[in-house]
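Summary of the model geometry
The residues making up each chain are set out below.
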Amino acid sequence: MNVLSNILSPLGMSGGAIQDTLKLVVIGGTVETARRASVSAWNGFVDSFFLTAHFSEEDYPYDWLMHWLSKQPAWGRSREFEITTRSAGRNGMNQSTTGDLQEEEEEDDGTLVHGRRKRLVAFQPSLDTTHTIYYRGHWLRIMRTKRFPEYGHGSALKISVVARNNDILKKLVLEAKREYEKDAEHRVHIFLADTTYQCWRWNGARQKRPMSSIVLQPGVKDMLLADCKDFLCSEEWYAERGIPFRRGYLLHGVPGSGKTSLIHSLAGELGLDIYVVSLSSKGMSDNTLTTLMSLVPNRCILLLEDLDAAFTRSVSRDSNSTGAPTSTTTTSSTNQTTTAESDGSTLSLSGLLNSLDGVAAAEGRLLFATTNHIERLDPALSRPGRMDVWVNFTHATKWQAEGIFKCFFPFKPAVVAEVEKTESTDASQKNLPLPKRKASTHAIPLLSEAEISELAKRFAAAIPEDELSVAGLQGYLLKNKTRPRECVDEVEEWIISERETREKLKKEKAEREAKEKKEVEEKEKKEKEELAAKEKEEKEAKEKLERKEARERLKAKKAVVAKSDSPATIPSTTESTESTPSTPATAATPATDEPSTDSSSSSSESDTTTGMEADTEESVTSEEEGSDKADDTKKEKWVAVKSQTPAAAETQPETTTTEEATPS
Ligand SMILES: Nc1ncnc2c1ncn2[C@@H]1O[C@H](COP(=O)(O)OP(=O)(O)OP(=O)(O)O)[C@@H](O)[C@H]1O
């Protein structure tokens, strides 16, 4: 204390004031410590009694719980919640959470406001707020948080309850699951591959499509349905034989023949979700696909749409071993390759094959692949084991035309015809779901069974075999959905107009292709010409450079020779020319064993040296002149040098004397 007093006394504090300050510090510290201790003790107490379950958005239980929560009447009393027009669960159901949503339930009949469907509103637990709900004698503390707030996605749910064991939580999850599945019974969930985050994104829940609404050749639907069912309950059989528990179906054929519709319908019938991968989508790579495949749940339909589209840019297995897409010979493919490279798609065939049945591939899934061009598929892709069942879809047959007509125009049930004259509830129409329509919006005349059958037969008779797509027929029937009789009467007219339209489109397509081809050819020709011109230019420039270098070399060489030899050479030459013409330049060519007295050899030797020098001098101003001219110039210069030699000798008398004074 004394020490503190000594320290604080220079600050002008008396002993009493210091004591008071210290007391305050001690009391404050004690209070804060007590507070922290009590909070910590409370947390410990709570933790020891509360059971907590965590649910992540990526997994199904989260959806079950969110769906269950959104239906709890307790939300009506909640003072804080989130209101959204997006479905809380994956089923896209109208989530009636409180009595306030009565209006929404009315909207579910599909009423339109200003041409748009009314938006549905759902209530959800708000983020980062603890909600309390009473459930089966327990208070549940519920908190929804964002797992990755910086990315704006990935919600998580935390449910805590005071209980001795986790039975209550188990019951809660099971109940939520049951309710979810009950409500989702009439829907098929669609998930799309997200290549950016390499995960599956829920895309929506569609109404199940009854199998009866798909009109295929007799037996096809039944065969497929039975095969799928058989597969789904044969896990042990596969395991016993060591066969990977997977099955692949390849649906191939013309566009608009019902491939996708059939898969949708099968998914509904089997109660499976559909996971759709578009192989040609942006950013799709071997790695992404493998990751996605490993995340596919056990029981589902995996749909690879337009299988051939992904490989128009890479058709060969070998060429794709690097994982990079390669171009085919056609120009369009080349363009596609460029696009593929620029959009980061680096999916290879071997990558696809590995992801389908590699180690990481999911088991228990039904793989469905659709293509309009089976001939473009690599045999490795469509071989049994990968694609076990092939189904060919053709244009509409007469049988299909009759079937689809009957689907569109339900007949009047004979027994109840009198009773329900005004209602379109054709419940006895086998195979067809009850239409959810208001009588006022669709005034479809109900004809007798006999009349509908007769009209259907006439309709089928008018439809040419295997010429029009089923989608085309459906379009025509849709246009005439309230006029069955006229629909049949006018069908021949429609067929003629369809043919004309087709011809026109075909012609336009041919013209467009011819034009494109011509443009491409012209472009290629132009490119070739440009390339040839460029090559020529480069060649000329190279030759020019070589000539220049050669000249510079010679010039340098001559400069060296001139520097080292000129004092002796010139007098020697002079001397030899004057006195001993038969033995010239012995001093100038000391290394030469031969006498070289012959004038031609002497000329040629000197020509090489002196002529080049002359060329160099001349070419300073005219490098581009032809070699003939250069040769002429060389000769002229040679003569000039030769004629200059005596003069040069005269200008160097001392040197000559020196040479003469040096006998060999
Ligand atoms: N066999 C069929 N039975 C009933 N409806 C059909 C049939 N074929 C086509 N349709 C109808 O035509 C439309 C297009 O069908 P769908 O998308 O299933 O054809 P697709 O063969 O998958 O075509 P694409 O190859 O172009 O994808 C759908 O609305 C569907 O109702």
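What you see is a predicted model; the values in this text were computed from it and never measured.

Once that is clear, we can look at the overall build of the protein. Each helix and strand counted, the protein has 20 helices and 17 strands in total. Residue burial in the protein is summarised as follows: out of 664 residues, 34% are buried. Considering only contacts in the protein between residues 6 or more positions apart, those separated by 24 or more positions represent 70%. When the accessible surface of the protein is totalled, it reaches about 39,700 Å², and 53% of it is carbon and sulfur.

Do not read the predicted coordinates in detail wherever pLDDT is low. Considering every residue of the protein, the mean pLDDT works out to 73; 64% of them sit at 70 or more. Contacts for the low-pLDDT stretch residues 313-341, under 50 throughout, to residues beyond four places or in other chains number 49 contacts. Scored below 50 in pLDDT, residues 421-441 makes 25 contacts in the model with residues more than four places away or belonging to other chains.

Here the focus is the packing of helix α9 (residues 286-294) against helix α11 (residues 349-357). A pair of packed helices can be characterised by two numbers: the angle between their axes and the separation between those axes. The interhelical angle for the contact between α9 and α11, taken along N-to-C directions, is 15°, at an axis separation of 9 Å. The angle between the axes of α9 and α11 places the two elements in the roughly parallel class. Crossing of α9 over α11 shows right-handed handedness. Contacts between α9 and α11 involve Asp286, Leu289, Thr290 and Met293 from the former and Gly351, Leu352, Ser355 and Leu356 from the latter.

Moving on: the sheet that holds strand β10 (residues 199-207). Strands sit in the order β10-β9-β12-β13-β14-β11-β15 across an open sheet of seven strands; the sheet is mixed. Only two strands of the sheet have a single neighbouring strand rather than two, namely β10 and β15 (389-393). For this sheet, the mean inter-axis angle between neighbouring strands, taken without regard to orientation, is 25°. Relative to strand β14 (residues 366-371), strand β13 (residues 301-305) runs parallel, the two being bridged by four bridges. Bridging across to β14, Leu303 finds its partner in Phe368. Where helix α8 (residues 259-270) meets the sheet, its contacts fall on β9 (187-194), β10, β11 (247-253), β12 (274-278), β13, β14 and β15, and the angle it forms with β14 comes to roughly 165°.

This paragraph deals with the packing of aromatic side chains. Enumeration over the complete set of coordinates arrives at 14 aromatic pairs. Look at Phe231 and Tyr238: their rings are 5.4 Å apart centre to centre, the planes differ by 85°, and that puts the pair in the edge-to-face class. Looking at Phe231, the relative accessible area reads 1%, which means it is buried. Judged by centre distance (4.8 Å) and plane angle (50°), the ring pair of Phe405 and Phe409 falls under tilted. The buried category is assigned to Phe409, whose relative accessible area is 2%. When the ring centre of Phe50 is taken as origin, the NZ or CZ atom of Arg141, which lies over that ring, is 5.0 Å away.

The environment of the ligand is formed by 18 residues, the closest being Val215, Lys259, Thr260, Ser261 and Gln474. In the environment of the ligand, an oxygen atom lies 3.0 Å from a nitrogen or oxygen atom belonging to the backbone of Ser257. Take Gln474: an N or O atom from its side chain is 2.7 Å from an oxygen atom of the ligand. For the ligand, whose free accessible area comes to 620 Å², the fraction covered by protein is 80%.

With that out of the way, let us pick up the side chain of Asp378. When you line up the elements, Asp378 lands in the loop between β14 and α12 (379-382). Assessed through its relative accessible area of 15%, Asp378 is described here as buried. Here Ala380 takes part through its backbone nitrogen, which lies 2.8 Å from a polar atom of the side chain of Asp378.

Moving on to a negative patch on the surface. The grouping of Glu516, Glu519, Glu521, Glu522, Glu524, Glu527, Glu529 and Glu530 at the surface amounts to a negative patch. Along the chain, Glu522 turns up in helix α17 (residues 491-578). On the basis of relative accessibility, which here comes to 49%, the residue Glu522 falls in the partly exposed class.

What follows is about unusual backbone geometry. Within the chain, Arg136 stands out as a residue other than glycine whose phi angle is a positive 45°. The phi dihedral of Gln198 falls on the positive side, at around 50°, and the residue is not glycine. Summarising the element assignment, Gln198 is placed in the loop between β9 and β10.

Moving on, we get to the nonpolar core. Counting 30 residues, the largest nonpolar core has Leu262, Ile274, Ile301, Leu366 and Phe368 as its most contacted members. Those elements that place two or more of their residues in this core are β9, α6 (220-232), β11, α8, β12, β13, β14 and β15. Non-local contacts of Ile274, meaning those with residues more than four positions away in its chain, are made with Val188, His189, Ile190, Phe191, Ile263, His264, Ala267, Ile301 and Leu303. Within the second largest apolar cluster, 28 residues are counted, among which are Val296, Leu356, Ala380 and Met387.

Our next topic: the packing of helix α13 (residues 398-408) against helix α14 (residues 449-462). It is the contact of α13 with α14, at a shortest axis distance of 8 Å, that shows an interaxial angle of 140°. α13 and α14 meet at a crossing whose hand is right-handed. Residues Lys398, Ala401, Glu402, Phe405 and Lys406 of α13 form the contact with α14, whose own contacting residues are Ile452, Ser453, Leu455, Ala456, Lys457, Phe459, Ala460 and Ala461. Of the residues contributing to the contact of α13 with α14, the split by class is eight nonpolar, one polar and four charged.

Summed over the entire model, instances satisfying the criterion amount to 18 salt bridges. Of the charged contacts in the structure, one is a salt bridge between Lys509 and Glu513, with a shortest N-O distance of 3.9 Å. Of this pair, Lys509 and Glu513 both sit in helix α17, four residues apart, which is roughly one turn of the helix. Overall, the relative accessible area of 45% leaves Lys509 in the partly exposed class. Glu513 sits in the partly exposed class, given a relative accessible area of 43%. Here the salt bridges share partners, and the residues they tie into one network are Glu32, Arg35 and Arg36.

Turning our attention to the pairing of β15. Burial of the side chains of β15 is restricted to one face: Val389, Val391 and Phe393 are buried, whereas none of Trp390 and Asn392 on the reverse face is. In this structure, β11 lies alongside β15, joined through five bridges in parallel fashion. Along β15, the bridge assignment pairs His252 with Asn392.

Here the focus is helix α15 (residues 470-479). Within the span of α15, buried status applies to Val470, Leu473, Tyr476 and Leu477. Taken down its axis, α15 places every buried residue within 120° of arc, on the same side.

A separate point is the environment of Thr260. Relative to the helices and strands, Thr260 resides in helix α8. Assessed through its relative accessible area of 39%, Thr260 is described here as partly exposed. Along the sequence, Thr260 and Leu303 sit 43 residues apart, while their C-alpha atoms lie 9.1 Å from each other. For Thr260, the side chain forms a polar contact with the side chain of Glu305, separated by 3.2 Å.

Nonpolar side chains collect at one region of the surface, where Trp42, Phe45, Phe49 and Val162 lie side by side and expose about 430 Å² of accessible area between them. For the nonpolar patch, the leading source of residues is helix α2 (residues 15-49), giving three residues. Secondary-structure assignment places Phe49 in helix α2. A relative accessible area of 42% places Phe49 in the partly exposed class.

Rules and cut-offs
Residues numbered from 1 in each chain as written. Predicted model: local features only at pLDDT ≥ 70, side-chain atom pairs only at ≥ 80, totals over all residues. Heavy atoms only, no water. Helix = DSSP H or I, 4+ residues; strand = E, 2+ residues; numbered from the N terminus. Buried < 20%, exposed > 50% of the residue type's maximum accessible area, 1.4 Å probe, protein only. Contact = heavy atoms within 4.5 Å. Areas by Shrake-Rupley, 256 points an atom, 1.4 Å probe, with all protein chains shown as cover. pLDDT = per-residue confidence, 0-100. Axes fitted to C-alpha atoms, helices over the stretch in contact; angles between N-to-C directions. Parallel < 35°, antiparallel > 145°, perpendicular 65-115°, else oblique. Left-handed = near helix turned anticlockwise from the far one by under 90°. Pairing = 2+ DSSP bridges. Phe/Tyr/Trp six-rings, centres within 6.5 Å; stacked < 30°, edge-to-face > 60°. Lys NZ or Arg CZ within 6 Å of the ring centre and 35° of its normal. Near = heavy atom within 4 Å. Polar contact = N/O pair within 3.5 Å; in protein donor to acceptor, adjacent residues only side chain to side chain. Patch = residues over 30% accessible without salt bridge, like charges linked within 9 Å, V, L, I, M, F, W, Y side chains within 5 Å. Salt bridge = Lys/Arg side-chain N within 4 Å of Asp/Glu carboxyl O. Lys, Arg positive; Asp, Glu negative; His and termini not counted. Charge placed at Lys NZ, Arg CZ, Asp CG, Glu CD. Core = buried A, V, L, I, M, F, W, Y, C linked by side-chain atoms within 4.5 Å. Nonpolar A, V, L, I, M, F, W, Y, C, P; charged D, E, K, R; others polar. Arc of directions from axis to C-beta.

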